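Report on the structure
One-letter residues, chain by chain:
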Amino acid sequence: MILILLEPQSTRAYPAATLNGFDLNGYQLRGNPIVLKGIPDNASGLTYNPETDSLFAVTNNPEQLFEISLDGRILRTISLHGFEDTEDVTYLGNGQLAILEERRRTIVIIDLPLDTNSLTLAHQRQLRMPGEGAENNGFEGLTINPLTKQLYIVNEKNPRQLWQVDGFADNTGSISISNPVDLEQKTYGNTDLSGVFFDTHSDNLLLLSHESKQLTSINMLGQVSSQLRLKRGYAGLTEDIAQPEGITIDSHNTLHILGEPNLLYQFRYTLTP
């Protein structure tokens, strides 16, 4: 997922990227959540494509990829043939996306032409991660640092894990896999993990928790900078976000959180720099 400031001298408010990391405290809900009509009840992963100024979401039953306008209209439905249990998606750049399969613990990189409405797994580049898949407790979130091309994956629980993958997104031929932060030791109050997003302004990871209903910003040393509660009474919410599963930030500095079954919540940063 790539964040592009469309106006170099923009006066748009944006969370301060300081030594304290990424500030989530200034985000406020913008309007009512958007019902994503035409998407089944299990929409989960979410990403933003700055080249088309649109969102992409995946479902896992059936396995489909949806292109969505920023106001919530379904622009395109792409069938994913041969894919299994697709949980998240992240935009890599140059028309490529990576899709995460939970139970098979596989990252699939796809090329997505503007006129495509069907993709077949056998034609795509794939990386099977170590370990065995878990029933509904496996891989849940995927994101990329667009500058280094490092991919990050979060495992939901038992255990809560953060994985870093080098060399696959940029296809260098030398792949390394590591766990940069121990999320069982440093839980930040999260009983599970359901999504992840890398912010290029602060080099922070935003960790989403479905069960704890919160968003946590950490640096790559595992130090927390801020948290955003996703419950009634916080950030302009009049009700809890039901099962927050997907997260991304677009070029307009809007924070998008996707709640299953099919609600899109949009937050704007309201504090002045």
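Okay, so let's go over this structure. Being a predicted model, the structure only gives us computed values, none of them experimental. (Residues numbered from 1 in each chain as written. Predicted model: local features only at pLDDT ≥ 70, side-chain atom pairs only at ≥ 80, totals over all residues. Heavy atoms only, no water.)

1. Some words on the overall build of the protein
Counting its secondary structure elements, the protein contains zero helices and 24 strands. Here the protein has a C-alpha radius of gyration of 17 Å; the compact-globule value for 273 residues is 19 Å, and the two agree. The principal-axis extents of the C-alpha atoms in the protein amount to approximately 50 × 40 × 35 Å. Sorting the 273 residues of the protein into buried and exposed places 57% on the buried side. Restricting the contact set of the protein to residue pairs at least 6 apart, pairs at least 24 apart contribute 52%. Just so you have it, the protein exposes about 11200 Å², and 46% of that area is on carbon and sulfur atoms. Once the 19 positive and 33 negative side-chain charges of the protein are each reduced to a mean point, those two points are 4 Å apart. (Helix = DSSP H or I, 4+ residues; strand = E, 2+ residues; numbered from the N terminus. Rg over C-alpha atoms; globule rule 2.2 N^0.38 Å. Buried < 20%, exposed > 50% of the residue type's maximum accessible area, 1.4 Å probe, protein only. Contact = heavy atoms within 4.5 Å. Areas by Shrake-Rupley, 256 points an atom, 1.4 Å probe, with all protein chains shown as cover. Lys, Arg positive; Asp, Glu negative; His and termini not counted. Charge placed at Lys NZ, Arg CZ, Asp CG, Glu CD.)

2. Some points on the environment of S202
Positionally, S202 belongs in the loop between β18 (195–199) and β19 (204–209). With 15 residues separating them in the primary sequence, S202 and S217 have C-alpha atoms 9.7 Å apart. A polar contact of 2.6 Å, which involves the side chain of S202, links it to the side chain of D199. (Polar contact = N/O pair within 3.5 Å; in protein donor to acceptor, adjacent residues only side chain to side chain.)

3. Let's talk about the pairing of strand β11 (residues 106–111)
Burial analysis of β11 places five of its six residues in the buried class, which makes it a mostly covered element. Here strand β10 (residues 96–101) pairs with β11 via six bridges, running antiparallel. Bridged to L100 within β11 is I107. The antiparallel hairpin formed by β10 and β11 contains four residues in its connecting segment, where R105 sits at a positive phi of about 50 degrees. Here β11 pairs with strand β13 (residues 125–128) via four bridges, running antiparallel. Of the residues in β13, the one forming a bridge with I107 is L127. (Pairing = 2+ DSSP bridges.)

4. With respect to the sheet that holds β10
Spatially, the four strands line up as an open sheet ordered β9-β10-β11-β13, and their pairing is antiparallel. The open sheet has two edge strands with one neighbour each: β9 (86–93) and β13. Adjacent strand axes in the sheet meet at a mean angle of 20 degrees when their direction is disregarded. (Axes fitted to C-alpha atoms, helices over the stretch in contact; angles between N-to-C directions.)

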